[in-house]
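# What the coordinates show
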Amino acid sequence: MPDGPRDYYRLLGVRKDATPEELKRAYRKLARELHPDVNPDPEAQDRFKEVTTAYEVLSDPEKRRVVDLGGDPLSSAGAAGSPFGGFGGFGDVFEAFFGGGGPMGANRGRRSRVRPGADALLQVSLTLEETAFGVRREIAVDTAIVCDTCQGNGCAPGTSPRTCVTCGGVGEIQTVQRSFLGQVMTTRSCSACGGTGEQIPSPCPTCGGDGRVRARRTKTVDVPPGIEDGMRIRLAGQGEVGPGGGPAGDLYVEISELPHETFTRDGADLHCTIAVPMTSAALGTDLVLTSLDGDEKIEVRAGTQSGAVLHLRGKGVPKLRSSSRGDLYVHVEVRTPTKLDDEQERLLRELADLRNEDVSVSSRSSGLFGKVRDAFRQ
Ligand code: ZN
């Protein structure tokens, strides 16, 4: 293992705040340059494995979180030899991009009519109270599911797939062409059966031979306490069913947190602002603030300045997969009165006098002070 966690962001050449789309684009670009079918250089092949690993890690929200916390989600694999040796099946990631079969060489020939389904993504809006303490939600999921009529095989009841007559079940057709290089043998996928080697003589009337239909289901999601805006919950095998009734992809439920009328959230910490009249800030007062846990008594000490921050430990949001909680920060904003009647103004002037604070307008300084005084009197 190399020292310290690998820098997956650098391997992909993206910034730490790259969106999933940017990750995908960066990986796609590098894969096109480095893929063994395109670039036979052994160094390129090593790099291809590295960037594929980096993409695999960063495109998984949970693994990416580990990376962002300074860890390495793959370091526990404990594989000997190559630092990337503990990680197998990078072909899967690649194929997710470039389609099954792909240019991997090893997968040439017939490909299965039954293919894995895609992942699905769903957004759920939750209130701060719900993300803070967790919630169980029923969600409506629209995905492809296995066709009931044919159980996914795509054939009308009582019939079955037959071997493709065009390619004889091989899934590909070879042609010999003359070119300036001499005779060149090309192999292409059989278009009659889409490379599957099988044809469906009488397609299922319900799904038209695809083996799947679209349907709306209701799923229950348990949102854990402390989840944050933008995080995703993975429901394995609840995504789209694949062609030919292939295994379903995963369903990701992305959390979108609704703005709260009192609090703004920063990780597990909460912030809010309370307005305190000038007199209360000077004399001190007790206020009641409705926190996530109910009413909190807040002591504003005599002489509190505008911009002061009161720190309430453990009154923030529970931390994800932890028993501890963030803090609540109450920002004090001292309000200066804007409209004074004659009596109030007189009292304030008297106070200013007692405190030897000069509020009189000097005849020498016209401009600025005059304007300030006029504004004060409005
Ligand atoms: Zn069907």
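Here's a quick rundown of the structure. (Residues numbered from 1 in each chain as written. Predicted model: local features only at pLDDT ≥ 70, side-chain atom pairs only at ≥ 80, totals over all residues. Heavy atoms only, no water.)

## What about the packing of aromatic side chains?
To be explicit about the condition: When two rings of Phe, Tyr or Trp (its six-membered ring) have centres within 6.5 Å they constitute a pair, described as stacked for plane angles under 30 degrees, edge-to-face for angles over 60, and tilted for the intermediate range. We count a stretch as a helix when DSSP gives it H or I for four or more residues in a row; a strand needs E for two or more, and each element gets its number in order from the N terminus. The buried label goes to any residue with under 20% of its type's maximum accessible area, the exposed label to any with over 50%, and the partly exposed label to all in between, with areas taken from a 1.4 Å probe on protein chains only.
Enumeration according to the criterion identifies one aromatic pair in this entry. Between the aromatic rings of Y27 and Y55, the centroid separation amounts to 4.7 Å while the plane-to-plane angle is 10°, which identifies the pairing as stacked. With a gap of 28 residues between them, Y27 in helix α2 (residues 20–34) and Y55 in helix α3 (residues 42–58) connect regions that are remote in the sequence. Of the two residues, Y27 and Y55, both sit in the buried class.

## Here's the deal with the coordination of the zinc ion
Worth spelling out the cut-off: For Na, K and Ca the donor cut-off is 3.2 Å, while for other metals it is 2.8 Å, and in both cases only N, O and S atoms qualify; water is not among them, so sites may look incomplete.
Bound to the zinc ion on the protein side are C147 (SG), C150 (SG), C204 (SG) and C207 (SG), at distances that span 2.3 to 2.4 Å. Mapping the donors of the zinc ion onto the primary sequence yields the spacing C-x2-C-x53-C-x2-C. Taken together, the residues C147 in the loop between β2 (135–146) and β3 (162–163) and C204 in the loop between β6 (198–199) and β7 (212–223) connect sequence positions 57 residues apart. With relative accessibility at 0%, the residue C147 sits in the buried group.

## Observations regarding helix α4 (residues 61–68)
Short version of the rule: Any pair of N or O atoms that falls within 3.5 Å is considered a polar contact. Within protein, one atom must be able to donate a hydrogen and the other to accept it, and sequence-neighbouring residues count only if both atoms are side-chain atoms.
Capping the start of α4 is the job of one residue whose side-chain oxygen sits 2.9 Å from the backbone nitrogen of E62: D60. Residue G70 follows α4 closely and has a positive phi angle near 90°.

## Here's the deal with the side chain of Q199
The test is simple: Pairs of residues are marked as contacts when any of their non-hydrogen atoms sit within 4.5 Å.
Note that Q199 resides in strand β6. Exposure remark for Q199: the relative accessible area of 16% places this residue in the buried category. Reaching out from Q199, the side chain makes a polar contact with the backbone oxygen of A192 at a distance of 3.5 Å. The residues contacting Q199, other than those within four sequence positions of it, are P161, R162, T163, C164, V165, A192 and C193.

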